[in-house]
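Here is what each chain is made of, one letter per residue.
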Amino acid sequence: MVKIMTIATIDIGGTGIKFASLTPDGKILDKTSTPTPETLEDLLAWLDQRLSEQDYNGIAMSVPGAVNQETGVIEGISAVPYIHGFSWYEALSSYQLPVHLENDANCVGLSELLAHPEIENAACVVIGTGIGGAMIIHGKLHRGRHGLGGEFGYMTTIEPAEKLNNWSLLASTGNMVRYVIEKSGQTDWDGRKIYQEAAAGNALCQEAIERMNRNLAQGLLNIQYLIDPDVISLGGSISQNPDFIQGVRSAIAYYVDRYEEYSVVPEILACTYKGEANLYGALVNWLQEEGQWPHS
């Protein structure tokens, strides 16, 4: 009997940890999750229990923060502070398996290669409290010299004020929510409620959505003319709202119609795998790093 190749795939998030057994073609054999543990020791103990349940060919991880690919250290800061500052290669060395980890937004971008292996060049923009992203060039993740490739949220779309108003601050779901809270004087707002109220005719919510869409459109057009991708995929929970996708497309069309310099309308799609995108992207990253990605 031929043993099926399986990769232990882990998605570390601020509120929960996902663990799945994936085959190279993206089939999930089993999956489980747990609330994010309070300590590193508890996390490692939970992972050890999962990893001991069967034989794996490798470990693939999606993590918040900037990953040093040489050392396996997750640099920077995140909502899970204890995962930073040490080598995950060393922490998981006892399993004697190849370990590869990548930033979570980059994993969302890489997941689109599994859904659309024909893609050559692509951008992925992950929209939430802020804006993250990933850049795919010639079917590979473009990390850049300092690991900042695809960090689209740092772009500026207007002249900075006293405090830098970058794209992440201007065009994210978080900014839209803050705008409605400030204008309404009420604090019980989130993105879902804003869209519901806008559909019911709330003028402030409609204005906030249009404002976000315009700011997003400016940045997406910048990305289009910077790398001319085959597609720009939008991630984050808001991307699964068809009204959001259509609103962004309409805002882009407004600028393309208004300025004759824009000769190409970006192809805007919602990310394919929704809440499982990080797992699938971690798998693609592992396969590419191991030279086992069939579409290279």
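As a reminder, the structure under discussion sits directly above these lines.
These numbers come from a predicted model, not from an experiment. (Residues numbered from 1 in each chain as written. Predicted model: local features only at pLDDT ≥ 70, side-chain atom pairs only at ≥ 80, totals over all residues. Heavy atoms only, no water.)

Right, let's talk about helix α1 (residues 40-51) for a bit. With 12 residues, α1 ought to run about 16 Å at 1.5 Å a step, and its terminal C-alpha atoms sit 16 Å apart, in line with that. Listed in full, the buried residues belonging to α1 are L40, L43, W46, L47, R50 and L51. Within α1, the buried residues cover an arc of 135 degrees as seen down the axis, which keeps them to one side. Its buried side turned inward, α1 meets β1 (7-12), β2 (16-22), β3 (28-35), β4 (58-63) and α2 (88-91). (Helix = DSSP H or I, 4+ residues; strand = E, 2+ residues; numbered from the N terminus. Expected span 1.5 Å × (residues − 1). Buried < 20%, exposed > 50% of the residue type's maximum accessible area, 1.4 Å probe, protein only. Arc of directions from axis to C-beta. Contact = heavy atoms within 4.5 Å.)

Time to look at the sheet that holds strand β10 (residues 140-141). Pairing is mixed in the open sheet, where 5 strands are placed in the order β10-β9-β8-β11-β12. Taken across any chain shown, the strands that pair with only one partner, and hence form the sheet edges, are β10 and β12 (268-270). Pairing analysis gives 5 bridges linking strand β8 (residues 122-127) to strand β11 (residues 231-235), with the strands arranged parallel. By the bridge assignment, A122 is partnered in β11 with V231. (Pairing = 2+ DSSP bridges.)

Below, the discussion takes up the pattern of salt bridges. Per the counting criterion, the structure on display carries 5 salt bridges. Ionic pairing is found between E53 and R50, a salt bridge with its closest N-O pair at 2.8 Å. Given a relative accessible area of 10%, R50 falls into the buried group. Overlapping salt bridges, with partners in common, bring together E102, R143 and E289 in one network. (Salt bridge = Lys/Arg side-chain N within 4 Å of Asp/Glu carboxyl O.)

Here N213 lies in helix α7 (residues 203-227). The exposure class of N213 is buried, given its relative accessible area of 6%. Not counting the four nearest positions on each side in its chain, N213 is found in contact with Y195, F244, G247, V248 and A251.

This brings us to a negative patch on the surface. On the surface, E118, E120, D228 and D230 cluster together into a patch of negative charge. Mapped onto the fold, D230 is located in the loop between α7 and β11. Given the relative accessible area of 42%, D230 is considered partly exposed. (Patch = residues over 30% accessible without salt bridge, like charges linked within 9 Å, V, L, I, M, F, W, Y side chains within 5 Å. Areas by Shrake-Rupley, 256 points an atom, 1.4 Å probe, with all protein chains shown as cover. Lys, Arg positive; Asp, Glu negative; His and termini not counted. Charge placed at Lys NZ, Arg CZ, Asp CG, Glu CD.)

This paragraph deals with unusual backbone geometry. Of note in the backbone geometry, Q96 takes a positive phi value of approximately 55 degrees without being a glycine. Within the fold, Q96 resides in the loop between α2 and β7 (99-103). Taking relative accessible area as the criterion, Q96 reaches 74% and is therefore assigned exposed.

Glancing now at the pairing of β3. Examined bridge by bridge, β2 and β3 share 7 bridges and lie antiparallel to one another. Looking across to β3, one finds that G16 is bridged to P35. With antiparallel pairing between neighbouring strands as the criterion, β2 and β3 make up a hairpin whose turn holds 5 residues, including G26 at a positive phi of roughly 95 degrees.

What follows deals with the state of the cysteines. Applying the stated criterion to the full structure yields 0 disulfides. The closest cysteine sulfur to the non-disulfide-bonded C107 is located on C124, 10 Å from its own sulfur. You can see C124 has no disulfide; the closest cysteine sulfur is in C271, sitting 3.8 Å from it. Overall, C124 belongs to the buried group, its relative accessible area being 3%. (Disulfide = S-S within 2.5 Å.)

Moving on: the packing of aromatic side chains. Overall, the coordinates contain 8 aromatic pairs when judged by the stated rule. Aromatic pair F19 and W46: ring centres 6.3 Å apart, planes at 85 degrees, arrangement edge-to-face. One end of the pair, F19, is in strand β2; the other, W46, is in helix α1, with 27 residues separating them in the sequence. Pair check on accessibility: F19 and W46 agree, each one buried. Between the aromatic rings of Y254 and Y255, the centroid separation amounts to 5.2 Å while the plane-to-plane angle is 70 degrees, which identifies the pairing as edge-to-face. A connected cluster of aromatic rings, assembled from ring pairs, spans Y225, Y254, Y255, Y259 and Y262. The ring of W189 carries the charged tip of K193 above its face, separated from the ring centre by 4.6 Å. (Phe/Tyr/Trp six-rings, centres within 6.5 Å; stacked < 30°, edge-to-face > 60°. Lys NZ or Arg CZ within 6 Å of the ring centre and 35° of its normal.)

It is worth spelling out empty space enclosed by the protein at this point. This model, assessed by the stated rule, comprises 1 cavity of 30 Å³ or more. Here the largest cavity defines a volume of roughly 40 Å³. Residue lining of the largest cavity: G109, E112, L113, I119, A122, A123, C124, I136 and S233, and that is the complete set. Sorting the residues of the lining of the largest cavity by element identifies α3 (104-115) and β8 as the ones contributing at least two each. Residues of the lining of the largest cavity, tallied by class, amount to 6 nonpolar, 2 polar and 1 charged. (1 Å grid on protein atoms, 1.4 Å probe; cavity = no way out; pocket = protein on both sides within 12 Å on 5 of 7 lines; lining within 4 Å. Points joined across faces, edges and corners; volume = space filled by probe spheres on them. Nonpolar A, V, L, I, M, F, W, Y, C, P; charged D, E, K, R; others polar.)

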